[in-house]
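Summary of structural features
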Amino acid sequence: MNIVSTMVGLSIMGAASPMMLDMSLAPIIAQKRATNFGVAEAAAVVFSAQYEGKLDIPQNTDTCIASPREETQNAYSVTCTEGDGKYVQSVTRAFRLAVPDSDLDGNSVDTSREFAYETPTRYSGRSCPYYDAWGTNGYNDQYYSVLGGACIPLDAWTQTAYQFSNPDSWLYDINNYNGWGEHPDYS
């Protein structure tokens, strides 16, 4: 009886050992892929952060390849790859370059209105602080280059604020800001 039990046990082990070997290697393979993914992710984030909001055309590196996005201006994708063979991991991130100031000139609507300040050519993603609601009392002078543009006036922070603002109190022209249409009281 013991010989039969032993033979059955050995045959089960012989049939199961390739699967057990795969199960024992799976965590090691997953760890290597995860490490390569982390390296590729870090490279993609650093690459896109290096060019985001800048005017420089991205240059390819050994591990990262940048390509323009279809049917978009100044938008790029970067694909970074790390690893060899079955451990290769790739990550793709998108970023947008800044629009040159020369491309922004002449986009405003001609009007007979006069404003106290010239309209900024580029806005950052930040709203102007309450103590300087239009950024004209020094906030934009101090933070323009750091933020990548002028702060957004409180009257243009939301579409509701824009619609209920008074164009006679604007310090510079924000008509049709963000594509919200001509202000009803503008003309």
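What comes next is a walk through the structure. (Residues numbered from 1 in each chain as written. Predicted model: local features only at pLDDT ≥ 70, side-chain atom pairs only at ≥ 80, totals over all residues. Heavy atoms only, no water.)

**A closer look at the pattern of salt bridges**
By the definition in use, this model includes two salt bridges. Measuring nitrogen to oxygen at the nearest pair gives 2.5 Å for the salt bridge that ties Arg 93 to Glu 41. With Arg 93 in strand S3 (residues 89–96) and Glu 41 in helix H1 (residues 2–51), the pair connects residues that are 52 residues apart, well separated along the chain. The residue Asp 168 makes a salt bridge to Arg 113 at a minimum N-O spacing of 3.1 Å. Taken as a pair, Asp 168 in the segment after helix H4 (159–163) and Arg 113 in the loop between helix H2 (101–104) and strand S4 (123–127) lie far apart in primary sequence, 55 residues in all. (Salt bridge = Lys/Arg side-chain N within 4 Å of Asp/Glu carboxyl O. Helix = DSSP H or I, 4+ residues; strand = E, 2+ residues; numbered from the N terminus.)

**A short note on the state of the cysteines**
This model, assessed by the stated rule, comprises two disulfides. Note on cysteine connectivity: Cys 64 is disulfide-linked to Cys 80, with sulfurs 2.0 Å apart. Because the torsion about its S-S bond is 110°, the bridge between Cys 64 and Cys 80 counts as right-handed. Residue Cys 64 is found in strand S1 (residues 64–68), and its partner Cys 80 is found in strand S2 (residues 75–82); the two are separated by 16 residues along the sequence. The burial state of Cys 64 is the same as that of Cys 80; both residues are buried. (Disulfide = S-S within 2.5 Å. Buried < 20%, exposed > 50% of the residue type's maximum accessible area, 1.4 Å probe, protein only.)

**Brief notes about the sheet that holds S3**
Strand order in the open sheet made by the three strands is S1-S2-S3, with antiparallel pairing throughout. This sheet does not close on itself; its edge strands, each paired only once, are S1 and S3. Pairwise comparison of adjacent strand axes, ignoring direction, gives a mean angle of 20° for this sheet. When S1 meets S2, the two strands line up antiparallel, connected through five bridges. In the strand pairing of S2, Pro 68 is matched with Tyr 76. (Pairing = 2+ DSSP bridges. Axes fitted to C-alpha atoms, helices over the stretch in contact; angles between N-to-C directions.)

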